[in-house]
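Examining the three-dimensional arrangement
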Amino acid sequence: MKRTGNLYPHICTQAALLAAFHKAGDRKRSHRACFEFGRNLGTNLDTLERELRTGNYKPKPCNRFWVTDGRKPRLIEAPAFRDLVVQHAVYAVIAPLFERRYIDTSFACRVGRGTHQAADWLQGVIRQAPRSAWVLHVDVRKFFYSIDRDTLQALLARVIKCQDTLALLAMFAHRDSPTGVPIGNLMSQTFANIYLNSLDQFCKRTLKVPHYGRYMDDSIMLAPDRTTGAAWLAAIRTHLAGLGLEISHYSLHPVKRGANFCGFRTWACGRFVRPHVIRAMRTDARRDRMEGVVSRLGHARRTCSFKPLLTYLKEKHHDLYLRLPKVFHTAHHHSNGAARQPGRGRQPALHRVVHA
């Protein structure tokens, strides 16, 4: 496709930066940094516009902290709020250029796509697959920390020929290490999709994988048999090596065993949240952390785990249950296991896990 130039003037305008401020402030109105920036909004936007137009703009040091609520600790490098505004302005300009290059089943950080849409897609293809099919799930080792920035810049330059925009993107990709991009900002998520779009195209165009999906660095596909799945795995390993990446772990197993993807365990007959989500919700409930409980329930809402989780709260933490948003109480009364299709095999007894 033809490269696009003259993008930078569309980034550093008052209108673009004002729209970016409103985007950056979504769900951050109570944050002090957002309040301080908005209190002198006109002056701050004028300063950003001037710095961008004169080429004097430099991102401030990131706020670094560790997050340990997942399987492995992650170093988050969150940008200053003013830099987040600029990132949103950049994203609004470049996102449409890359969006049309992505495959339909790339689900991360795209409007109208997310974990629930990815899980819906996976359950749909599992239901259509023959019982002899196999699932291949591939995870990339330390993905964000392993991205080669020179390779990333080359991928960006295939689409963008505006040098000022490329220089701005290079600033947001920088880390104090030979490889990698910061985790925890908007542009890094965009960089991840751009970087692994190469893998998506390879799997769909070269390997001709009929059912392939990706959420960030997790790729999953259905193979007709084990031999084909093993051949795909070897080819993917070689392709990732060319990007400076390697596989951390993979799973190749019969489709009847279900699949772990996007925080859900999915079978043809039903979909459940992972056990660690249940444990986390029980901990949040014991400590009366309503925000955490609501977040876990929102994650579980379109799964077979939703009703058992609400029943657990009603029986064990009734005061907290009564304070839940009304939408959950309504869903509790009308839930019929939307993610479940009867008659396609036996489901795991997750109810006793919730109540254990």
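Summary of the structure given here. Numbering of residues starts from 1 in every chain and runs along the sequence as written. Totals for whole chains, interfaces and linings use all residues, but because this is a predicted model, local features are given only for residues with pLDDT of at least 70 and pairs of side-chain atoms are given and counted only at 80 or more. The side-chain figures draw on all heavy atoms in the structure; neither hydrogens nor water molecules are used.

Looking at the pairing of strand E5 (residues 218-223)
Looking along a regular strand, one sees side chains alternate from face to face of the sheet. As a reminder of what qualifies: Partly exposed residues are those whose accessible area sits between 20% and 50% of the maximum for their type, while under 20% is buried and over 50% is exposed, using a 1.4 Å probe and protein chains only. In DSSP terms, a helix is any run of H or I states spanning at least four residues, a strand is any run of E spanning at least two, and both are numbered starting from the N terminus. In this scheme, strands are said to pair when DSSP sees at least two bridges between them.
Judged by how many residues are buried, E5 sits mostly within the fold: 5 of 6 residues are covered. Where strand E3 (residues 134-140) lies against E5, 6 bridges are found, and the strand directions are antiparallel. By the bridge assignment for E5, Trp 134 is matched with Ala 223. Summarising the sheet, strand E4 (residues 211-215) and E5 pair through 5 bridges and their orientation is antiparallel. Bridged to His 211 within E5 is Leu 222. The hairpin formed by E4 and E5 contains 2 residues between the paired strands, and Met 216 there has a positive phi angle of roughly 55°.

Observations regarding the environment of Phe 328
Operational definition: Whether two residues touch is decided by their heavy atoms; if any such pair falls within 4.5 Å, the residues are in contact.
Within the fold, Phe 328 resides in helix H16 (residues 326-334). Under the relative-accessibility criterion, Phe 328 is labelled buried at 6%. Sequence separation between Phe 328 and Lys 307 is 21 residues, and the spatial gap between their C-alpha atoms is 9.8 Å. Contact partners of Phe 328, with chain neighbours within four places excluded, come to Val 294, Leu 297, Gly 298, Phe 306 and Leu 310.

Notes on the side chain of Asn 197
Within the fold, Asn 197 resides in helix H10 (residues 186-206). Of the residues examined, Asn 197 reaches a relative accessible area of 13% and is grouped as buried.

Considerations on the sheet that holds strand E7 (residues 259-261)
What counts, and what does not: Structural elements are reduced to axes, namely lines fitted to C-alpha atoms, with helices fitted over the stretch in contact, and the angle between N-to-C directions of any two is expressed from 0 to 180 degrees.
Reading across the sheet, the 3 strands line up as E7-E8-E9 and stay open at both edges, with antiparallel pairing between neighbours. Both edges of this open sheet fall to E7 and strand E9 (271-273), since each of them pairs with a single strand only. Mean inter-strand twist for the sheet, computed between neighbouring axes without regard to direction, equals 25°. For strand E8 (residues 264-266) and E9, the ladder comprises 3 bridges, and the chain directions are antiparallel. Counterpart to Phe 264 in the pairing with E9 is Val 273.

Considering the packing of aromatic side chains
Definition in use: Ring pairs are drawn from Phe, Tyr and Trp, using the six-membered ring of Trp, whenever the two centres fall within 6.5 Å, and their geometry is named by plane angle: stacked under 30 degrees, edge-to-face over 60, tilted for the rest. A ring is scored as having a charge over it whenever the NZ atom of a lysine or the CZ atom of an arginine sits within 6 Å of its centre and within 35 degrees of its normal.
Under the definition given, this model contains 9 aromatic pairs. Each ring, one from Phe 306 and one from Phe 328, has its centre 6.2 Å from the other, and the planes form 45°; the classification is tilted. You can see Phe 306 sitting in helix H14 (residues 306-316) and its partner Phe 328 sitting in helix H16, a full 22 residues away along the chain. Comparing Phe 306 with Phe 328, the two get one shared label, buried. An aromatic cluster is present here, built from Phe 21, Phe 37 and Phe 81 joined pairwise through their rings. Positioned above the aromatic ring of Phe 264, the side-chain terminus of Arg 271 is 5.6 Å from the ring centre.

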